[in-house]
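Read off the chains here:
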Amino acid sequence: MKIYDRKTKQYDEIQQYGQGTLNYLYGSAPGRMLLKLVVSPMTSRIYGWWNGRKRSTRKIPEFIKTNEIRMEDFEEREFVSFNDFFTRRLRPGARNIDMTEEVLIAPADAKLLVYPVDENVRVDVKGREYTLNELVADRLDISAYAGGVCLVYRLCLDDYHRYCFVDDGNLKTSYNVKGKLHTVSPLSKAYKIYKENYRVVNVLETEHFGEVIHIEVGALLVGRIQNREVHSFCKGEEKGYFEPGGSTIIQIFRKDVVTVDGDIVEQSNKQIETKVNFGERIGIKNVR
């Protein structure tokens, strides 16, 4: 899988964690039969229970090595479980948050793709067409987002799994949508995962970017999405975190509100994800 690195302006090849197992589950008839069990919330709850036990810390050294995690970026302490390790915090100064008011920042360490929202409030994500109504489970009026932009941040196992607010503002509403837990890798492209997967839909009223739909999407073996209970927030403030597994954040902006940086758009037009970090600039507010 090819990923664009903005800093080096080079492409990196990354391997999908558990590639063989996922190929079997999504690429074979026996695997697809087993898949029905694997993507159930119950399986993720059992996996989460195991990873919350002290014995699960045995997995940590190999996980760090396999995923080439820079532990110097994170708090130095003893972890009591694999879940505790997975949701570890960054050390102070490990990420630079661009606090320029007009700048849009990435909410998380992730691989980013940008998609236009058409005038019929539809978006084509990796060859699968979604209506915005599908993404929000038909519970919001999304007509104002016609012609806007949709940002899809895919968090892999090697990424920091806490995420932040991208501007100052207030939480207007938030609700859960029950569903399955497919992998968010390209292997699940036959499924409309952002319609089928468990997710949390938030509507944020932000100071510089207006109303923003912010969706946290669970993925294979992500048993829980943990959000802080806040009504008002500041740019860069932690919003929540994902427990073990890959996951996705989707953000949708209204028309003519933000311009995403050209290098990210260029790569997205080629269906190549761009590596971004928590707090990094990825766009700027449009001047009206």
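Residues numbered from 1 in each chain as written. Predicted model: local features only at pLDDT ≥ 70, side-chain atom pairs only at ≥ 80, totals over all residues. Heavy atoms only, no water.

Quick look at the sheet that holds strand β8 (residues 162–164) now. Read across the sheet, three strands follow the order β8-β14-β12 without closing on themselves; strand pairing throughout is antiparallel. Each of the sheet's edge strands pairs with one partner strand only, and the pair in question is β8 and β12 (225–227). Neighbouring strand axes in the sheet, compared pairwise and without regard to direction, differ in orientation by 20° on average. Relative to strand β14 (residues 238–242), β8 is paired through three bridges, and the arrangement is antiparallel. Opposite Cys164, over in β14, you have Glu238 as the bridge partner. (Pairing = 2+ DSSP bridges. Helix = DSSP H or I, 4+ residues; strand = E, 2+ residues; numbered from the N terminus. Axes fitted to C-alpha atoms, helices over the stretch in contact; angles between N-to-C directions.)

Now for helix α8 (residues 262–269). Where α8 is concerned, the buried positions are Ile264, Gln267 and Ser268. Projection of α8 onto a plane perpendicular to its axis shows the buried side chains occupying an angular sector of 100°, all on one side. Opposite the buried face of α8, at more than 90 degrees from it, the exposed residues are Gly262 and Asn269. Here the buried face of α8 lies against β1 (2–5), β2 (10–13), β4 (110–116), β16 (258–260), β17 (273–276) and β18 (281–285). (Buried < 20%, exposed > 50% of the residue type's maximum accessible area, 1.4 Å probe, protein only. Arc of directions from axis to C-beta. Contact = heavy atoms within 4.5 Å.)

Here we take up the packing of aromatic side chains. Summed over the entire model, instances satisfying the criterion amount to twelve aromatic pairs. A ring pair is formed by Phe63 and Phe86, whose centres lie 6.4 Å apart and whose planes are at 65°; its orientation type is edge-to-face. Separated by 23 residues along the polypeptide, Phe63 in helix α4 (residues 60–66) and Phe86 in helix α5 (residues 82–86) bring together distant segments of the chain. With respect to burial, Phe63 and Phe86 carry one shared label: buried. Taking 5.4 Å as the distance between ring centres and 80° as the angle between the ring planes, the aromatic pair formed by Phe79 and Phe85 counts as edge-to-face. Considered together, Phe79 and Phe85 belong to a single accessibility category, that of buried residues. (Phe/Tyr/Trp six-rings, centres within 6.5 Å; stacked < 30°, edge-to-face > 60°.)

Turning next to the pairing of strand β7 (residues 149–155). Burial analysis of β7 places seven of its seven residues in the buried class, the great majority of the element. Residues Val149, Leu151, Tyr153 and Leu155 point to one face of β7 and Cys150, Val152 and Arg154 to the other, with burial holding for every one of them. Sheet topology places β4 next to β7; six bridges connect them, and they run antiparallel. Residue pairing for β7: Pro116 is matched across the bridge by Val149. Pairing of β7 with strand β15 (residues 247–253), which is carried by seven bridges, proceeds in the antiparallel orientation. Each residue of the ladder has a partner; that of Leu155, found in β15, is Ser247.

Turning to the nonpolar core, a few remarks are in order. Core analysis: the biggest nonpolar cluster contains 42 residues, and Leu104, Leu112, Leu151, Tyr153, Phe253, Val276 and Ile282 have the highest contact counts within it. No other element matches the four residues that β7 contributes to this core. Apart from the residues within four sequence positions on either side, Ile282 is in contact with Arg6, Leu104, Ile105, Ala106, Leu112, Leu151, Tyr153, Val260, Asp261, Ile264 and Val276. Counting 24 residues, the second-largest nonpolar core is a separate cluster that includes Ala146, Cys150, Val201 and Ile252. (Core = buried A, V, L, I, M, F, W, Y, C linked by side-chain atoms within 4.5 Å.)

Before going further, it helps to examine the side chain of Glu280. Relative to the helices and strands, Glu280 resides in the loop between β17 and β18. A distance of 2.8 Å separates the side chain of Glu280 from the side chain of Arg6, its partner in a polar contact. Each residue touching Glu280, except ones within four places of it in the same chain, is listed here: Arg6, Lys7, Asn96, Leu104, Ile105, Ala106 and Lys275. (Polar contact = N/O pair within 3.5 Å; in protein donor to acceptor, adjacent residues only side chain to side chain.)

The subject of this paragraph is the sheet that holds β18. Reading across the sheet, the three strands line up as β3-β18-β16 and stay open at both edges, with antiparallel pairing between neighbours. Sheet topology places β3 (103–105) and β16 at the edges, where each strand pairs with a single neighbour. Between one strand axis and the next, the sheet turns through 35° on average, direction left out of account.

Close approach of charged atoms allows side chains of opposite charge to pair. Counted under the stated rule, the structure contains 25 salt bridges. In this structure, Arg122 engages Asp118 in a salt bridge whose closest nitrogen and oxygen atoms are separated by 3.1 Å. Classification of Asp118 by relative accessible area gives partly exposed; the value is 27%. In this structure, Lys172 engages Glu205 in a salt bridge whose closest nitrogen and oxygen atoms are separated by 3.9 Å. Of the two residues, Lys172 is situated in strand β9 (residues 169–177) and Glu205 in strand β10 (residues 199–206); the sequence distance between them amounts to 33 residues. In this structure, a network of salt bridges that share partners links the residues Arg6, Lys7, Asp261, Asp263, Glu280 and Arg281. (Salt bridge = Lys/Arg side-chain N within 4 Å of Asp/Glu carboxyl O.)

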